[in-house]
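# Coordinate inspection notes
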Amino acid sequence: MKATEKLILKNKEHKFVCVGLDTDLKKIPEHLLNYNNPILEFNKRIIEATEQYAAAYKINFAFYEVLGKKGFELIEETLKLIPGDVLTIADAKRGDIGNTSEMYAKSVYEHFGFDSVTLNPYMGMDSLQPFLNYSEKLNFVLTLTSNPGSSDFERQVLNDGSYLYQKIIYSISNRNAEKNCGIVFGATNLEEIKSNISSFSDLTVLLPGVGAQGGSFEEVLKVFQTHNRENFVVNISRGLLYLSDKEDFAQRTEQEIKLLNQLANLIFSVT
């Protein structure tokens, strides 16, 4: 099954939540520290609690790379726990010159076996092409992110009066012949989502920034529903992972994602 097909099937069930596995040893429940592999045990319980409700899982490489060799092993072991019909996203923000980018693409797609990856377009389309060559995968390119510093570069005005992030959307849309391209658009930028959604074309959208960063899951869903779009996924990390530091942490996460799905079903059932 192609990466886009996995997400489309979940979207048709009105599942739009991406569980962000930004697992931090300092934040997981203390009782898990008694296990030989606390992070893997935490991930296992979160996945078991959410696998029938999640549209995707996003593994943030930074939280694993910091652990060295063990971290890469954790990525591999965590991927084995995720059902094969659920989209997996490598949040690695790759993007480099040709042969280096080719190695990054092989790492993410051939070694680890992820369905998709986040990419940084700063070095140009040739830095992204090795990833785009994997037609069955899905490549999320950073456009307008959810951090305050997005104004430093992404909102720079070009000679034609458009913003740099709009140029990126246009360029990626024109490279989407294989339907394996997507964009990252911060959920905190609600007004910009409203004013740019018509230019998203058939690009799949990954929206981080809901929860701890202040983005509204409900408001994002309403915008996409109004424009009759379903090919998107909303990442939530801290707002799902750390709802409890007790034995019931996984149950709390399950309760929360079920509520989010109920809200999505209510919004997208409106005719």
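Everything in this summary refers to the structure shown in the same document.

Thresholds applied
- Residues numbered from 1 in each chain as written.
- Predicted model: local features only at pLDDT ≥ 70, side-chain atom pairs only at ≥ 80, totals over all residues.
- Heavy atoms only, no water.
- Disulfide = S-S within 2.5 Å.
- Buried < 20%, exposed > 50% of the residue type's maximum accessible area, 1.4 Å probe, protein only.
- Axes fitted to C-alpha atoms, helices over the stretch in contact; angles between N-to-C directions.
- Helix = DSSP H or I, 4+ residues; strand = E, 2+ residues; numbered from the N terminus.
- Parallel < 35°, antiparallel > 145°, perpendicular 65-115°, else oblique.
- Left-handed = near helix turned anticlockwise from the far one by under 90°.
- Contact = heavy atoms within 4.5 Å.
- Nonpolar A, V, L, I, M, F, W, Y, C, P; charged D, E, K, R; others polar.
- Pairing = 2+ DSSP bridges.
- Right-handed = clockwise from strand over helix to strand, strands pointing away.

### Side note on the state of the cysteines
Taken as a whole and assessed by the stated rule, the structure comprises zero disulfides. Cys 18 forms no disulfide, and the closest cysteine sulfur to it belongs to Cys 181, at a distance of 18 Å. The class of Cys 181 is buried, set by a relative accessible area of 1%.

### Quick word on the packing of helix H5 (residues 98-112) against helix H6 (residues 125-132)
Here H5 crosses H6 at 30 degrees, and the two axes come no closer than 8 Å. Here H6 runs roughly parallel to H5, going by the angle between their axes. Crossing hand, H5 versus H6: right-handed. Two secondary-structure elements touch here, H5 through Gly 98, Ser 101, Glu 102, Tyr 104, Ala 105 and Tyr 109 and H6 through Ser 127, Pro 130 and Phe 131. Residues of the contact of H5 with H6, tallied by class, amount to five nonpolar, three polar and one charged.

### Re the pairing of strand S1 (residues 17-20)
Neither face of S1 is exposed, since Val 17 and Val 19 on one face and Cys 18 and Gly 20 on the opposite face are all buried. Of the pairings in the sheet, the one linking S1 to strand S2 (residues 56-60) comprises three bridges and is parallel in character. Along S2, the bridge assignment pairs Val 19 with Tyr 57. Following the chain from S1 across helix H2 (residues 38-50) to the adjacent parallel S2, one finds a crossover that is right-handed.

### Some thoughts on unusual backbone geometry
A positive phi is found at His 14, a non-glycine position, where the angle reads about 60 degrees. Among the structural elements, His 14 can be located in the loop between helix H1 (3-12) and S1. Even without being glycine, Asn 228 reaches a positive phi, approximately 55 degrees. Here Asn 228 is to be found in the loop between helix H10 (217-226) and strand S8 (232-236). On the basis of relative accessible area, Asn 228 is assigned to the exposed category, the value being 72%.

### Re H6
Within H6, six of the eight residues are buried, which leaves the element mostly enclosed by the surrounding structure. Taken residue by residue, H6 has Met 125, Ser 127, Leu 128, Pro 130, Phe 131 and Leu 132 as its buried positions. Structurally, H6 contributes buried residues whose contacts are with strand S3 (87-94), H5, strand S4 (116-119), strand S5 (138-144), helix H8 (164-174) and strand S6 (181-185).

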